[in-house]
Each structure stands twice: as structure tokens, then as C-alpha cells.
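The lines below spell out each chain.
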Amino acid sequence: MENISIQQFKKEYVKKFEQLYAYRYDEGSSREHFVALGELVRNYYMNNWKSTIDEYKEKETKQVFYFSMEFLPGRMLKSNLLNLDILPVVEEGLRELGLDLDEVSMGEADPALGNGGLGRLASCFMDSIASTGLAGHGNGIRYQYGLFKQKFIDGYQVELPENWLRNGNVWEVRKENKAVIVRFGGQVYMDTDEEGNLYPRYENTKNILAVPYDVPQIGYHNGIVNNLRLWSAEIPYGEEYLFRTEEERDEVKQITEVLYPDDSNYEGRLLRLRQEYFFSSAGVQSIIRYFKTLDEDWSLLPDKIAIHINDTHPALVVPELMRILIDEEELTWDQAWEITKKTISYTNHTILQEAMERWPIDMLEHLLPRIYHIIAEINRRHIEKKIPLYGEELTYRTTIIEDGQVKMANLAIIGSHSINGVAKLHTNILINETLHDFYLMYPNKFNNKTNGITQRRWVQLSNPGLTSLLDDVIGTDWKSNPEELILLKAHVDNSELLNRLEAVKLENKKRFAKYVKDEMGIEIDPNAIFDVQIKRLHAYKRQLLNVLHILDRYSQIKENPDIDIPKRVFIFGAKAAPSYHYAKQIIKLINAVADLVNNDTDIKDLIKIVFVENYGVSLAELIIPAADISEQISLAGKEASGTSNMKLMANGALTMATMDGATIEIYDYVGKENIYIFGLKNNDVKKYHQNQSYNSRNIYEGNASIKRVLNMLVDGSIPGIYHEGQDIFNSLVKFNDEYFLLKDFDSYIQAHKQADKDYQDREKWNRMALLNVANSGPFSSDYTILRYADEIWKIEPQVENLISSYTPVK
Ligand code: 6GP
């Protein structure tokens, strides 16, 4: 956009405010100021939004559509201002008007339209696609209620509805004229038309109107505005009479009412299947409608369009695209199949078996009869074609339909041209273990794309102190080319700079400490080590191992009150799926231990525990810049990638980790001196499984510290956890400790002792922190996205030289 002066901005702002509310701007609440500012900012990008979309169409630029059941964009105000290059003007203008941008920004709801890593990745990707000048858009669901709001009552997690749309959403544009019909249920019969062609005749279907709400995805300083299209379910116009009962009307509303609160966990409800088909079908239909305006030959569809599916939740795009090409556009099966495979690509985000989607045949057949026919036919042809090549045994291990169920991962692999994992280790596990049978059939489909994060949100916006330090020391080019962060390495012995880095961290810690004091009434010392574990609560992520460390430390201090260790604040942020009983027990345990330790005067503040309520994107922005230690302690082989590991590293936290997910690549970049690695490796875990030789009870019996800590769970030392303590104890001792916590305990404690020691040597610590920042550039999602674009989607940046050179994480 053209430059806007502070004066002009102030004038426009006041006018906008008073037009909206009909009273003086200085009487407004932060919520109203946010709305007024949002409305004004719209004016600044609307033209670019239109011209971006027009230009793609005019030039017939190939476009990618990123289908995801989840997006976690976070508050968009500051990010939009940053990318539009008007952040300083707006900040100063508001200040002169007596307003504070941070406060105004708090007036925006944080849309929690996702659970965790998968959803946040989708939003980092949206930002990177626009910012690297790529023609790409998101396709998802406009949930009326986002992920539940978490409250702790008596230490237990309670879930409250998250009505994020209560005050509307200034960024979205409802586009009724772009609505499509999505068909559910009924019966389908194959009839023959006058020319003898087969066509499906539907009876008694329920037709739902899918209305898109478009949200702008603004590129960084490049004039590009892409689209995030979120679909909402409604009763079709004029068809209200077909939805006569309350129940029938509710059924429509429900489709886009709530986000399923499961992370890496398969939820097999009929409603979930409806949601999946709803946004997959609506998205594909709108893409096809666009493609038809280009007036091109169908065989060119894959040259103009790429469809990417974020895990298998949108895998029904495969049969849906087939359906449209065959039933509506009258292509032959073989033509349609070639086009479908060439158009679609798929990312796998987890190897946890419980996350593998499978739908009962009955359910699919009932809800989507024609789609089920098509899946069955894809499966039949797959078997017919592969048996002669690979034999029966291997072929039958790869079928889409098995034991009365439809396996969505198999459908996604067979119906696409690319499947990727999200970190090197994860992709290797897919290739060699989880999806090995498919790898034998389609070796060329498999590839790795290590995840990334956008430094725009995770450094520039959330850590202004670090940002200005970086600008002063290495110049500003790192902002469009994060690899330049490596230039910082040359300054590793500059003690003045190291002190400044420490001062920035201290400021961020004070900012977080203030939040903790104000919101939770807990006093924490900003000079303590801030030890952070923020992620969904899941047994494999092993928050419990963190707790065992705390209990061990607690016991040591009780035993030896004069112990010389630095103060620690253990910070947790984690939601548990509402139906995940064990995860909720661990939440209760953490809160109970916090109560015990925080109020024990013997501990003299050597340990404080802060479990923030309702962790999400906005809290992450506050916590990450304040972190000294980043806990990435999943059992090796279980965490596909992790992305908080990258954000924390980029903000100068040191990683305490097992060799898992993308943390291995972090290790490769920073080097072993600048990271704390402990615990079993993936191969060690595999061996234990193969030999069935793990025996946690033996460890418990033979290790005095472990015994002492575990006994605390059951001997009343921690008040209020009678049942939880017993169940957790049993999981570790009686049920053989599925995630090998006891095996990794000693090396974890050792690594923490080393960290205590290093932290006391301030210069050493700061140097390590600096090297972490310096090596975080390759984990920019800009590079990740350019690799998707180049190797999978075959699309090129439209804006030249935005990022001139890059060395992606391989
Ligand atoms: C997550 C993975 O657990 C995490 O390791 C990864 O960083 C993230 O995806 C982004 O790739 N998976 C999910 O959240 C999930 O629901 C189906 O997978």
C-alpha cells in the first residue's frame, strides 16, 4: 500500500471510530477500538486482495489450496499491520491519540480453530505462502465455537465453550454468492441417459448450503493478499420447508458448530465425518467452479491447481474430485483418476495408531452413498492392478477397505502423487515402518518436509526486544531471509552484546511474571530459570517426566535446605482432550504439586510451578520470549516434528530434549554443546519393543531416587490426588511404563543438573542462547513452504526476489 502518514492515520482513525459508534473515540473500550482499527485496516488491503485474486485468474497462475480441518491463526491485527508495513505508523498514531496498540489488540478474539501443532502449522504456512509470494489459499471450517476454554477448578480441567464470534469478526467477508450445495444421505441409483451413459440419480438427500467466509492472508511487504476460505453450514434458501423439525434444523447448524477437541487422536463420530465431507466437498466444488471459468481442457487441471491435504481429515477430496469429474463433467474413470492423483498431495502428521482415521463402511455408505461407491471402486481397481505386480499378501496389506472399515491414510496415499512426513526421523519411520508396504509400491511418492515456523509472528511480533537487538547487530535482512540470522554467530564473543541479550530476556521474563502475578497471584522471580513445557497434554509428550524431575528436586531441597542451585520456575501450558482421562489426571497432579511446592516455605522459592490456564497462541506469544529452557521430552520416535521447539529456540531458549522429531535437526544445527540431549534413542526403544525386555518395576525397585519420587504419588505426600496418584503410579510400575519414563529418568536429571551449572555461568549461558537464535533461521516456514512449492506443488513465487537465496532444512 502507499505510505500513510501518522497525521493521516490519526484523522482516518478518529473518523472511522466516530462513524461506527457515534461517540467520541476516547470514550471507547479496547474492544471497540479494535473493531474501529480493524475496519480501517480493511481499507488498506481490500484493493490488493482483489487485485491479487484477479491477477492469478488473468495469468492463470497455478494455485495451491491447502485443505485443513484446523487453523490456529492467533490474533491477526498486529500480524496484518506488520505485513502491510504500517505497524510503526499505527502504533505511534494510536499513542498520540492516547491509545496503546497492545491494549487495542487485546480487544480481538484469538480464534482457536485448531487443537495444537497441526492447526498452528497450517497458519504459519498461510503466512509463509503469502509472504514468499506464492499463489495459495486455505480451505477449512468456520467453527462457531473454537477449542474449549480451559479452566482449573480444584486443580481439575473444566471445559467451557469458546464463543469467539460473539462480537463478530472484522476480518472475514461472507460471500453468499460463492455458496455451494453439499449433499448428504439419501439413496443413489445409477441410471442411463438418452445417449446410453451412466449417471447417478439421487433420492431423498439432505442438501446443505455451504457459505464461505473469506479471511485475507496478507504477504509480508509484497502487496499480495491470498485467501483463507472457511465454510459455514446453513439451510439452503427457499428450502426451509424441508427442515421442519427443530432436530432437522439443529442437524444443519451442528455441522460447523464445534471443533473436535482431539489432538492426535481419532474421533469416530458421525458428526466428524459430516464435517470432513462438508468442507472437502465445498472446497473442491469451488475450485472446480473457478477452473471452469478458465475454459481449459480438464487434463490441464493439475497444471492450474494443486490440492494439499493436511493429514487425512480432508482425504474425502479424493473421491469427491472423482465424483465431480465423472458424474458431473463426464470424464472416464481413467481420465478422472489420472487428474485426481496429479492434483492431490498429502502430509502425514503422526504415527500414533489411535490417530489413524478409519470409518465403518456402514457409516460412510449411509452418509455418503455415492462417495462410498467411488471409494470401493478405487479399492477394487487398486487390488486388481497391484496383485500381478506385488502379489496378494502385500497388496492386501495396502487396501483401503478392510475389516468393515475404510482406512483414510490408505485412500490418501493411493489417491495422491506425494506423501510427506514433517521431520527427517518421522519420514524415515513412515518409510521403514508405518507405511513401508506403500513405500515398496510407490517409492517416489515419499518425501520429507521438515516443519517450520514464521519468525514474523514468533520473533518480530512477540519479541520486539530481540528484534531490535538483531536489527542493530546484523541489519534487517533476516526479516525477509531468516537464514541471515547466522550472521549473529560472528558476535558470539562480544560480551556487551551477550549482556544485552540477557537484558532482553530479563525484560520478557518480567512481562510474563507480571501476567502470572496479575492472573494467578503467584510471585515469580525473573532471575530464576524459566523452564517451559507448552504443548497438548499427551502421555507420549511426557509432561509426567517433567513432574518427576520437580518432585526429585523438591525432595533434594527438603533433604538439604542449603543446596546451591539456581531458582527455577516450571511453566506448563497444556490442554487435555476432554475424554482423555489419563491426561486429565496428570493435569490434576501438576496442579496439586504446584499447590504443595509453591506454598512450602522450606523451598524458599527455589522452585515455583506455574500452570497457565487456557494455553493457546496468544499465551504462547507471551511465554516463548520469556523461556530459558525448552522442554522437548517426548519418547523418541513419537513426536512427528514439534514446532514449539523451533519457536523457543528462535527466542534464545536452550533445548532440553530427547532425540525426537525436528529436535534432532535442531541438534544438528546448534551442535551438541548448545543443547541438552538425554534419554533413549528411537532405535533403543525399538529394541526394547522387539525383545520385550523392558521392566519398569525392576527400575523402580532398584533406583532409590525413582522409588522415593514415585512413592510420593501414593503415600499422601501430595494432598488431593488419592485416585490420580494411584493410577499414575500404576501406569509407571504395574503397567510397565509404556513411554519409558523411568528408563529416561536418570539421564534427564543429569541433564538438568548440567543446565543448573551452566546457568550460573551467565556468559556461557548467554553464548549458548545466542547460538540458538543464530541457528534458528533454517527453521523458517518460508523455506519449508518454498520446498513444498518447488517439489510437490510445482508452483513458483510470483514476487521476484523476495527471498533470493535459501538453504532449506533438508
Ligand atoms: C502434530 C504432531 O504431533 C507434531 O509433532 C507436529 O509438529 C504437528 O502435527 C505439525 O506437523 N500432529 C497433530 O497435531 C495431529 O493431530 C493428526 O496429527
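Keep in mind the model is a prediction, meaning the values are calculated, not measured.

**Student:** I would appreciate a short explanation of the site of the ligand in the present structure.
**Tutor:** In the neighbourhood of the ligand, 15 residues make up the surrounding shell, with H349, N451, E639, S641 and G642 lying closest. H349 places a side-chain nitrogen or oxygen 2.6 Å from an oxygen atom of the ligand. Between the ligand and the protein, one listed contact pairs an oxygen atom with a side-chain N or O atom of E639 at 2.6 Å. Taken by itself the ligand offers 430 Å² of open surface, and the protein chains cover 95% of this. Taken together, the residues that form the shell around the ligand break down as 5 nonpolar, 7 polar and 3 charged.

**Student:** Could you clarify how one ought to interpret the confidence of the model for the protein in this entry?
**Tutor:** Detailed reading of predicted coordinates is not advised where the pLDDT is low. Looking at the protein as a whole, its pLDDT mean stands at 96, while 98% of the residues score no less than 70. The secondary-structure element of the protein with the lowest mean pLDDT is strand β8 (residues 198-203), recorded at 91, while strand β1 (residues 63-67) shows the highest, at 99. Across residues 801-810, where pLDDT falls below 50, the model places 29 contacts with residues more than four positions away in sequence or in other chains.

**Student:** Would you mind showing me how to read the packing of helix α10 (residues 317-328) against helix α11 (residues 333-343) here?
**Tutor:** Two numbers describe a pair of packed helices, the interaxial angle and the distance between the axes. Two numbers describe how α10 lies on α11: the axes approach to 9 Å, and their chain directions differ by 140°. Accordingly, the angle class assigned to the pair α10 and α11 is oblique. Relative to α11, the crossing made by α10 is right-handed. For the pair α10 and α11, contact is made by V318, L321, M322, L325 and I326 and by W333, A336, W337, I339, T340 and T343, respectively. Taken together, the residues that form the contact of α10 with α11 break down as 9 nonpolar, 2 polar and no charged.

**Student:** Would you mind showing me how to read helix α4 (residues 87-96) here?
**Tutor:** Because each turn of an α-helix spans 3.6 residues, side chains separated by three or four positions end up pointing in the same direction. Buried within α4 we find L87, V89, V90, G93 and L94. With its buried residues spanning 165° around the axis, α4 presents them on a single face. Residues of α4 that are exposed and point over 90 degrees away from its buried face: P88 and R95. Where α4 is buried, its residues meet α1 (6-21), α2 (30-59), α3 (77-84), α5 (101-105) and α17 (455-461). Just downstream of α4 lies G98, where phi reads positive at about 85°.

**Student:** I'm lost on the pairing of strand β18 (residues 529-534) in this one. Help?
**Tutor:** The side chains of a regular strand alternate, first on one face of the sheet and then on the other. Of all 6 residues that make up β18, 6 are buried, and the element is covered over most of its length. Of the two faces of β18, the one carrying I529, D531 and Q533 and the one carrying F530, V532 and I534 are both buried. In this structure, β18 lies alongside strand β19 (residues 568-573), joined through 6 bridges in parallel fashion. Directly across from D531, in β19, lies its bridge partner F570. Both β18 and strand β21 (residues 629-632) contribute to a ladder of 2 bridges, which runs parallel. Bridge pairing links V532 to S630 in β21.

**Student:** Would you explain the domain arrangement of the protein in this entry?
**Tutor:** Interface extent is often summarised as the accessible area lost during association of the parts. Per the domain assignment, the segments of the protein are domain 1 (1-59 + 76-108) and domain 2 (455-681 + 740-776). Relative placement of domain 1 and domain 2: their C-alpha centres are 35 Å apart. Listed per partner, the contact involves 6 residues of domain 1 and 4 residues of domain 2. Both sides of the domain 1 and domain 2 interface together cover about 380 Å² of buried area, and 68% of this is carbon and sulfur.

Cut-offs used in this document
Residues numbered from 1 in each chain as written. Predicted model: local features only at pLDDT ≥ 70, side-chain atom pairs only at ≥ 80, totals over all residues. Heavy atoms only, no water. Near = heavy atom within 4 Å. Polar contact = N/O pair within 3.5 Å; in protein donor to acceptor, adjacent residues only side chain to side chain. Areas by Shrake-Rupley, 256 points an atom, 1.4 Å probe, with all protein chains shown as cover. Nonpolar A, V, L, I, M, F, W, Y, C, P; charged D, E, K, R; others polar. pLDDT = per-residue confidence, 0-100. Helix = DSSP H or I, 4+ residues; strand = E, 2+ residues; numbered from the N terminus. Contact = heavy atoms within 4.5 Å. Axes fitted to C-alpha atoms, helices over the stretch in contact; angles between N-to-C directions. Parallel < 35°, antiparallel > 145°, perpendicular 65-115°, else oblique. Left-handed = near helix turned anticlockwise from the far one by under 90°. Buried < 20%, exposed > 50% of the residue type's maximum accessible area, 1.4 Å probe, protein only. Arc of directions from axis to C-beta. Pairing = 2+ DSSP bridges. Domains from an automatic or database assignment. Buried area = accessible area lost by both parts, 1.4 Å probe.

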